[in-house]
Amino acid sequence: RWPAARPLPAFRMTTAAGDSVDAGWFDGHWSLLYFGYLQCPDFCPATLQAMAGLRRTLLEAGSADELFRFIFVTVDPERDSLAQMQAYSAFFDPQIHCLRGEEAQLRRLADAAGVIYVENIAANGIRSMDHSTSIILADPQARFVASLPPPHEPVLMLQQLRALTALPTLA
C-alpha cells in the first residue's frame, strides 16, 4: 500500500466496446490495472495470464465480478487497436477490460499511477516498449492506492489483495 492514495486524474479513454470512460468509471469497484502492449514478448502475456488466474480464484471465492475489475491499458496506442486488444485479452479472460487513449490521456493516467513507459528502437530497427511491470490497484473511490510487483502469481496476489483491501469475503 502506498503512503498516500493518489486520485485518478481527469482523463478520457475508450473501452473495447467503444464506450468512453473517465475516472468515474472506477467508482464502486476495486480495479487492477496493467499497463502493457500487444507486441510485448514476455511480461504482458505472463501478467495477463496471472490476472486471469487471480480472477478465477476470486470467482471461486464468490468475489470477482461484483468487487473487482481487471483492466489492460495499452502503452502503445499508435499500434494497438481496441479490436486487437480485446481479442488478445479474451485469450486470457474475456472479462479483462481494455482501455486505449490518446497519448496525452494515457500519459496523464500512467503518471498518476506511477507507471513508466518509453518507446525503444534497437540499433537493428526493432521497436519495443519498455514499461513498468507492476499491477496497479485502484480503490472504489477512484484512487490509486497500491501496486502489486512481480512475480505475479495468483495465490500470492490473492494474499496481497486480502491485506490491501481487508475484505473478509476473500477466501
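Some points on the packing of aromatic side chains
- Tallying each qualifying case throughout the model produces five aromatic pairs.
- Between Phe91 and Phe92 the ring centres are 5.2 Å apart and the planes differ by 85 degrees, which places this aromatic pair in the edge-to-face class.
- Each residue in the set Phe72, Tyr88, Phe91 and Phe92 is aromatic and connected to the rest through ring pairs, giving one cluster.
- The ring centre of Trp25 lies 4.1 Å from the NZ or CZ of Arg69, which sits over that ring.
- The cationic tip of Arg107 hangs over the ring face of Tyr117; the distance from NZ or CZ to the ring centre is 4.0 Å.

Section: the nonpolar core
- With 56 residues, the main nonpolar core has Leu8, Phe26, Leu32, Phe35 and Phe144 as its most contacted residues.
- Discounting chain neighbours no more than four positions away, the residues touching Leu32 are Met51, Leu54, Phe68, Arg69, Phe70, Ile71, Ile135, Ile136, Leu137, Leu148 and Leu161.

Some remarks on the environment of Met13
- Take Met13: it is sitting in strand β2 (residues 13–15).
- Judged by relative accessible area, which is 1%, Met13 ranks as buried.
- A C-alpha to C-alpha distance of 6.2 Å links Met13 and Leu99, two positions 86 residues apart in sequence.

Reading the values: rules and limits
- Residues numbered from 1 in each chain as written.
- Predicted model: local features only at pLDDT ≥ 70, side-chain atom pairs only at ≥ 80, totals over all residues.
- Heavy atoms only, no water.
- Phe/Tyr/Trp six-rings, centres within 6.5 Å; stacked < 30°, edge-to-face > 60°.
- Lys NZ or Arg CZ within 6 Å of the ring centre and 35° of its normal.
- Core = buried A, V, L, I, M, F, W, Y, C linked by side-chain atoms within 4.5 Å.
- Buried < 20%, exposed > 50% of the residue type's maximum accessible area, 1.4 Å probe, protein only.
- Contact = heavy atoms within 4.5 Å.
- Helix = DSSP H or I, 4+ residues; strand = E, 2+ residues; numbered from the N terminus.

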